[in-house]
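Survey of secondary and tertiary structure
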Amino acid sequence: MADGSLEVGAHLDACLARAVSHNPALKDTAAVVSAIAGAAITISEVIGRGALGGDLAAAGSQNSDGDVQKALDVIAHQRVTEALQAAPVAEVASEEADEVMRLNPGAPLAVAIDPLDGSSNIGVNMAVGTIFGIRPAVQDEANPIASFTTPGTAQLAAGFVTYGPATALVLTLGEGTQVYVLDRAERAFRLTHPGLDVPTTAKEYAINASNARHWEGPIKAFIEDCLRGAEGPRDKDYNMRWLGSLVADAQRVLMRGGVFLYPGDQRKGYAQGRLRLLYEAAPIAMLMEQAGAGATDGERRILDIAATGIHERVPLVFGSTEEVACVAKYFDGRNHAAGRSPLFGQRGLMRS
Ligand SMILES: O=P(O)(O)OC[C@H]1O[C@](O)(COP(=O)(O)O)[C@@H](O)[C@@H]1O
Ligand SMILES: [Mg+2]
Ligand SMILES: [Mg+2]
């Protein structure tokens, strides 16, 4: 995929075939990507009809994380699991299923998937998405989640689809990050960006600022210093963007840099933030790293973290490497000065 010979406009299936011809070990992975892309096209068509197709935001039952499932969450879960059933996939960990789903016993791959990301945007015509990470299946009779307890570095491929003004597939097979856009006339994804290269620094951050009073010191101090702009220690004026849809925020960061944060905070149940390690943070971390960006939980590299449960949450910071490294310095300041670092002094907008 990163051999430089891929042409803008090439079809996803041709690009996958090329990747497999260079590395035959990718054959099954490519088949799974193709299956997810097929499901995404049908999900895109459902979303594209909006309210003409019924109330996609209609509330149903609760998922394993306590979130109320909306009609589109359920439709997307059904479409992706049907597609994965016909692919070389042994097991699926879906946000919308309590337990690991067993599909094709003995098949080589396992998929962690968020069928519909950005659920609060359903019904208001804003971008939502599908996020996935593909790993080798691990057979272990004694441990039903064994395939999903390896660290994120075990992922063979990762991607997400944004159902936005255009439907786009952002994909890595471990050699760079590419973007494909859905050609609706052809019902096929076509390559638009053969190799993303995220700027190392930027002037944009994304965080749900309504939680500011619940944040811990390092995050408060980092955002406070961004807000101080050119008069503060960051020495530049920042802009803020928050779409409330991880895929859309991640795509913006991949295309033009910046930093996204969903930290842990002091609300009940939010010590590890909101986002899930297996089917949100780990795939996005792989896409970021393959595009020259970074992803941490504030301190640790996301891809080094192994899950202990399939719906486990993790604080997530990703984007331009200098910005992600800067966040880590604020955590480091807390660790070394127990909160008495100059970084935590009585200054800044939030503390005045
Ligand atoms: O409502 P909050 O706390 O700002 O959370 C927003 C985040 O929640 C999510 O919607 C979580 O994903 P789901 O919609 O798949 O549950 C992210 O897309 C988004 O970044
Ligand atoms: Mg999600
Ligand atoms: Mg979801």
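The notes below deal with the structure included here. Keep in mind that this is a model prediction, so the values were computed, not measured.

Definitions and limits used
- Residues numbered from 1 in each chain as written.
- Chains lettered and ligands numbered in written order.
- Predicted model: local features only at pLDDT ≥ 70, side-chain atom pairs only at ≥ 80, totals over all residues.
- Heavy atoms only, no water.
- Axes fitted to C-alpha atoms, helices over the stretch in contact; angles between N-to-C directions.
- Helix = DSSP H or I, 4+ residues; strand = E, 2+ residues; numbered from the N terminus.
- Parallel < 35°, antiparallel > 145°, perpendicular 65-115°, else oblique.
- Contact = heavy atoms within 4.5 Å.
- Nonpolar A, V, L, I, M, F, W, Y, C, P; charged D, E, K, R; others polar.
- Near = heavy atom within 4 Å.
- Polar contact = N/O pair within 3.5 Å; in protein donor to acceptor, adjacent residues only side chain to side chain.
- Areas by Shrake-Rupley, 256 points an atom, 1.4 Å probe, with all protein chains shown as cover.
- Domains from an automatic or database assignment.
- Buried < 20%, exposed > 50% of the residue type's maximum accessible area, 1.4 Å probe, protein only.
- Donors = N, O, S within 2.8 Å, 3.2 Å for Na, K, Ca; no water.
- Phe/Tyr/Trp six-rings, centres within 6.5 Å; stacked < 30°, edge-to-face > 60°.
- Lys NZ or Arg CZ within 6 Å of the ring centre and 35° of its normal.
- Expected span 1.5 Å × (residues − 1).
- Arc of directions from axis to C-beta.
- Pairing = 2+ DSSP bridges.

Thoughts on the packing of helix H1 (residues 12-22) against helix H2 (residues 27-48)
Where H1 contacts H2, the two axes come as close as 9 Å, and the packing angle between them is 170°. Comparing the axis directions of H1 and H2 gives the class roughly antiparallel. Only Lys27, Ala30, Val33, Ser34 and Ala37 of H2 make contact with H1, whose side of the interface consists of Leu12, Asp13, Leu16 and Val20. Classifying every residue of the contact of H1 with H2 gives 6 nonpolar, 1 polar and 2 charged.

Overview of the site of ligand 1
In the vicinity of ligand 1, 17 residues are found, and the nearest of them are Ser119, Asn208, Leu246, Tyr262 and Arg274. Between ligand 1 and glutamate 95 there is a distance of 2.9 Å, counted from an oxygen atom to a side-chain nitrogen or oxygen. Within the backbone of glycine 118, an N or O atom sits 3.0 Å from an oxygen atom of ligand 1. Relative to its free-state accessible area of 470 Å², ligand 1 is covered by the protein chains to the extent of 89%. For the shell around ligand 1, the leading source of residues is strand S5 (residues 109-117), giving 3 residues. For the shell around ligand 1, the domains that each give at least three residues are domain 1 (12-193) and domain 2 (204-351).

Points about the environment of glutamate 45
Counting through the fold element by element, glutamate 45 comes out in helix H2. Overall, glutamate 45 belongs to the partly exposed group, its relative accessible area being 38%. Expressed as a C-alpha distance, the spacing of glutamate 45 and arginine 184, which sit 139 residues apart in the sequence, is 9.1 Å. Side chain to side chain, glutamate 45 and arginine 187 meet in a polar contact 2.7 Å long.

Section: the coordination of the magnesium ion (ligand 2)
Looking at the magnesium ion (ligand 2), the protein donor atoms are Asp114 (OD), Asp117 (OD) and Glu280 (OE), and they sit 1.8 to 2.1 Å from it. Each donor residue of the magnesium ion (ligand 2) belongs to the same chain, with the gaps between them written as D-x2-D-x162-E. Separating the magnesium ion (ligand 2) from the magnesium ion (ligand 3) is a gap of 3.7 Å, bridged by aspartate 114, which donates to each. With aspartate 114 in strand S5 and glutamate 280 in helix H6 (residues 277-290), this residue pair connects regions lying 166 residues apart in the sequence.

With respect to the packing of aromatic side chains
For any pair of aromatic rings, geometry is given as the distance between the ring centres together with the angle between the planes. Counted by the stated rule, this structure contains 5 aromatic pairs. Relative to tyrosine 330, the ring of phenylalanine 222 lies with its centre 5.6 Å away and its plane at 90°, an arrangement referred to as edge-to-face. Note that phenylalanine 222 is positioned in helix H4 (residues 217-227) and tyrosine 330 in helix H7 (residues 321-337), a separation of 108 residues in sequence. Each member of the pair, phenylalanine 222 as well as tyrosine 330, is classed as buried. Of the aromatic side chains, those joined through ring pairs into one cluster are Trp242, Phe260, Tyr262 and Phe318. The ring of tyrosine 270 carries arginine 267 above its face, with NZ or CZ at 3.6 Å from the centroid. Over the ring of tyrosine 270 we find arginine 313, and its NZ or CZ is 5.2 Å from the ring centre.

A closer look at helix H3 (residues 71-85)
With 15 residues, H3 extends 21 Å from end C-alpha to end C-alpha; this agrees with the ideal 21 Å at 1.5 Å per step. Taken together, the buried positions of H3 are occupied by Leu72, Asp73, Ala76, His77, Val80, Thr81, Ala83 and Leu84. Considered in projection along H3, the buried side chains sweep an arc of 160° and stay on one side of the axis. Close packing links the buried residues of H3 with H2, strand S2 (68-70), strand S3 (89-94), strand S4 (101-102), S5 and strand S6 (128-136).

Remarks on the coordination of the magnesium ion (ligand 3)
Around the magnesium ion (ligand 3), the protein contributes the donor atoms Glu95 (OE), Asp114 (OD) and Leu116 (O), which lie 2.0 to 2.2 Å from the metal centre. Looking at glutamate 95, the relative accessible area reads 5%, which means it is buried. Overall, the relative accessible area of 0% leaves aspartate 114 in the buried class.

As for the pairing of strand S8 (residues 167-172)
Within S8, 6 of the 6 residues are buried, leaving the element largely enclosed by the surrounding structure. Covered by surrounding structure in S8 are Thr167, Leu169 and Leu171 together with Ala168, Val170 and Thr172, the residues of both alternating faces. Where S8 meets strand S9 (residues 177-183), 5 bridges bridge the pair, whose relative direction is antiparallel. Residue pairing for S9: leucine 169 is matched across the bridge by tyrosine 180. Between S8 and S9, which follow one another and run antiparallel, lie 4 residues, and glycine 174 among them has a positive phi close to 95°.

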